[in-house]
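Survey of secondary and tertiary structure
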Amino acid sequence: MTQHGLATRAIHDGQQPDPTTGAVVPPIYQTSTFVQDGVNQFRSGGHEYSRGSNPTRNGFEEQLASLESGRRAFAFASGMAAEDALLRAVLSPGDHVVLASDVYGGTFRLVDQVLSSWGIEHSFVPSASADDAAATIQPGRTAVLWLETPSNPLLRVADIAAWARVAEDAGALLVVDNTFATPVLQNPLTLGAHAVIHSTTKYIGGHSDVLGGAVVVGDAQWRGQPLTDVIAFQQFACGAVAAPFDSFLAARGLKTLPLRMERHCANALAVAEFLESREDVLEVNYPGLRSHPQHDLATRTLNGGYGGIISFRPAGGVEAADEFAKTSELYNLSVSLGGVESLVCVPHSMTHAPRVGTPYEVPEDLVRLSVGIEDLSDHVEDLDAALNQATTASRVLLAG
Ligand SMILES: *Cc1c(COP(=O)(O)O)cnc(C)c1O
């Protein structure tokens, strides 16, 4: 049988109608434990206790594993819980981690402030380049390379296959945080990555109404064991699992992800082109623009679009950036991203504040947009009005 397409799998894999009642949508198994017919005689599915397995969570995990071309997915209570579980499952004291420089702020904090006291060291790669990553490897000690592409908030694009070769040579695992691209645009496991991380809070949930995270792995082995077993044990033993209701919301969101991404990508490309056409915008970062330094790489590695996140710098400095963020009406001023509704933030003082004073500080006048799936004409109208107001002072200067 040929494999179904991605949109079909998003709707059906792991989401079969309930066999007992015929309910088209699998029910939310809001239960902590499962009755046994005799000691250790479990009913169908083999469920015992919901930390170990729960049908609602397992359905979502199967659905996500299918979309990522993975062997198994594991759902957690948040993206950070997933990252913590993965890193603590595979690392031992004395190990070294290589991080691409603009990884998510919480990833930076986890490695820098939590894992460091458990004897884990780390290095940053100053770019998205695999050659630079190779130069930071500590032979025999580097256990994990961690990459986010496209990155946040500068939308740099990395060559996953090239990073995977560096990881293989080092005997290390390549982890790719695929939150921005989603399994619709990119499947890191098929490019050689060993594990994929998602904050399902973002595009997978897609409606800004649930926190969640996931680890997806393929057939990689780690220190003599299948990586699937290593993560399964960690999830069960440490217990930061996704709740049944949260798993239901994530599964419901995932069904429309391919459709939503089409609109996110189309809107974002048009918005990026609009911003680039303005004289009061100094710089636009979006991999779909020809002006993006890695546009060709992005076109080769991303399928069907360049994602829904844009960052840009309005003329007029941080005052203009703050004014824009506050003024725009369609774009709500808040952290987070990936929902149906548009959001705006100023990363330097909001999401990326912990980096101020480090070499990885982002420009203070950078604005990040999470472009939602509203009508495009409303986006353009809103951005036009907000930019006009935010950059008035500098446009007077430009004209004068
Ligand atoms: C939000 C986010 C995370 C963390 O996920 P939470 O669900 O907030 O814990 C990790 N990586 C990326 C790229 C994110 O955007």
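Residues numbered from 1 in each chain as written. Predicted model: local features only at pLDDT ≥ 70, side-chain atom pairs only at ≥ 80, totals over all residues. Heavy atoms only, no water.

On the basis of which strands lie adjacent, the open sheet formed by seven strands has the order β1-β7-β6-β5-β4-β2-β3 and mixed pairing. Every interior strand has two partners, whereas the edge strands, β1 (72-76) and β3 (121-125), have only one. Looking at each pair of strands side by side, their axes are set apart by 20 degrees on average, direction ignored. With five bridges joining them, strand β6 (residues 195-199) and strand β7 (residues 213-217) adopt antiparallel strand pairing. Bridging from a neighbouring strand, Ser199 pairs with Gly213 of β7. Contacts between helix α2 (residues 55-67) and the sheet are confined to β1, β6 and β7, with β1 contributing the most and set at about 130 degrees to the helix. Seen against the sheet, helix α6 (residues 160-170) touches β2 (96-100), β3, β4 (142-148) and β5 (173-177) and runs at an angle of roughly 170 degrees to β4. (Pairing = 2+ DSSP bridges. Helix = DSSP H or I, 4+ residues; strand = E, 2+ residues; numbered from the N terminus. Axes fitted to C-alpha atoms, helices over the stretch in contact; angles between N-to-C directions. Contact = heavy atoms within 4.5 Å.)

This part covers the site of the ligand. In the neighbourhood of the ligand, the contacting residues comprise Ser78, Gly79, Met80, Glu83, Tyr104, Glu148, Asp177, Thr179, Ser199, Thr201, Lys202 and Gly212. In the model, an oxygen atom of the ligand is placed 2.9 Å from a nitrogen or oxygen of the Met80 main chain. Asp177 is positioned with one of its side-chain polar atoms (N or O) 2.7 Å from a nitrogen atom of the ligand. Here the ligand has 380 Å² of accessible area as a free molecule, and 93% of this is covered by the chains. Looking at which element gives the most residues to the shell around the ligand, the answer is helix α3 (residues 79-90), with three residues. By residue class, the composition of the shell around the ligand is two nonpolar, six polar and four charged. (Near = heavy atom within 4 Å. Polar contact = N/O pair within 3.5 Å; in protein donor to acceptor, adjacent residues only side chain to side chain. Areas by Shrake-Rupley, 256 points an atom, 1.4 Å probe, with all protein chains shown as cover. Nonpolar A, V, L, I, M, F, W, Y, C, P; charged D, E, K, R; others polar.)

Once that is clear, we can look at the sheet that holds strand β14 (residues 367-370). Overall, mixed pairing links the five strands, which are arranged β10-β11-β14-β13-β12 in an open sheet. A strand with exactly one partner marks an edge of an open sheet, and here the two such strands are β10 (281-285) and β12 (332-333). Two strands pair when backbone bridges link them, and strand β13 (residues 343-345) and β14 are joined in this way by three bridges, in the antiparallel orientation. The partner of Leu343 across the bridge, within β14, is Ser370. Contacts between helix α10 (residues 257-276) and the sheet are confined to β10, β11 (309-314) and β14, with β11 contributing the most and set at about 10 degrees to the helix.

Before going further, it helps to spend a moment on the packing of aromatic side chains. Counting across every chain of the model gives five aromatic pairs. Judged by centre distance (6.0 Å) and plane angle (25 degrees), the ring pair of Phe245 and Phe248 falls under stacked. Of this pair, Phe245 and Phe248 both sit in helix α9 (residues 244-255), three residues apart, roughly one helical turn. Note on Phe245: relative accessible area 43%, which makes it partly exposed. Geometrically, the ring pair formed by Phe312 and Phe324 is edge-to-face, given 5.3 Å between the ring centres and 90 degrees between the ring planes. Of this pair, Phe312 sits in strand β11 while Phe324 sits in helix α12 (residues 317-327), placing them 12 residues apart in sequence. Residue Phe312 is classed as buried on the basis of its relative accessible area of 0%. Classification of Phe324 as buried rests on a relative accessible area of 0%. Taken together, the aromatic side chains of Phe108, Phe124 and Tyr360 make up a single cluster linked through ring pairs. (Phe/Tyr/Trp six-rings, centres within 6.5 Å; stacked < 30°, edge-to-face > 60°. Buried < 20%, exposed > 50% of the residue type's maximum accessible area, 1.4 Å probe, protein only.)

Core analysis: the biggest nonpolar cluster contains 56 residues, and Leu275, Ile310, Phe312, Phe324 and Leu369 have the highest contact counts within it. Of the residues forming this core, the biggest block, eight residues, is contributed by α10. Here this core gathers at least three residues from each of two domains, domain 1 (6-255) and domain 2 (258-399). Sequence-distant contacts of Phe324, that is, excluding residues within four places in its chain, are made with Phe312, Val344, Val367, Leu369, Leu383, Ala386, Leu387 and Ala390. Ranked by size, the runner-up nonpolar core spans 54 residues in total, among them Leu99, Ala100, Phe124 and Val175. (Core = buried A, V, L, I, M, F, W, Y, C linked by side-chain atoms within 4.5 Å. Domains from an automatic or database assignment.)

This next bit is on the UniProt feature "modified residue: N6-(pyridoxal phosphate)lysine" (unreviewed entry) in the protein. When the UniProt feature table is mapped onto this chain numbering, "modified residue: N6-(pyridoxal phosphate)lysine" (unreviewed entry) sits at Lys202. Classification of Lys202 as buried rests on a relative accessible area of 10%. Among all residues touching Lys202, those that are not within four sequence positions of it are Tyr104, Thr179, Ser336, Leu337 and Gly338. (UniProt positions renumbered as here; feature names shortened; annotations may be inferred.)

One can read the domain layout of the protein as domain 1 (6-255) and domain 2 (258-399). Between the C-alpha centres of domain 1 and domain 2 the distance comes to 28 Å. Contact residues are listed per partner, giving 37 residues for domain 1 and 38 residues for domain 2. Carbon and sulfur atoms supply 64% of the area buried between domain 1 and domain 2, which totals about 3,000 Å² over both sides. (Buried area = accessible area lost by both parts, 1.4 Å probe.)

It is possible for side chains bearing opposite charge to pair when their charged atoms get close. Per the stated rule, a full pass over the model turns up 12 salt bridges. Among the ionic pairs, Glu121 bridges to Arg141, the shortest N-O distance being 3.4 Å. Of this pair, Glu121 sits in strand β3 while Arg141 sits in the loop between α5 (130-135) and β4; the two residues are 20 residues apart in sequence, bridging distant segments of the chain. Given a relative accessible area of 44%, Glu121 falls into the partly exposed group. In this structure, the salt-bridge partner of Glu323 is Lys326, at a minimum N-O distance of 3.5 Å. (Salt bridge = Lys/Arg side-chain N within 4 Å of Asp/Glu carboxyl O.)

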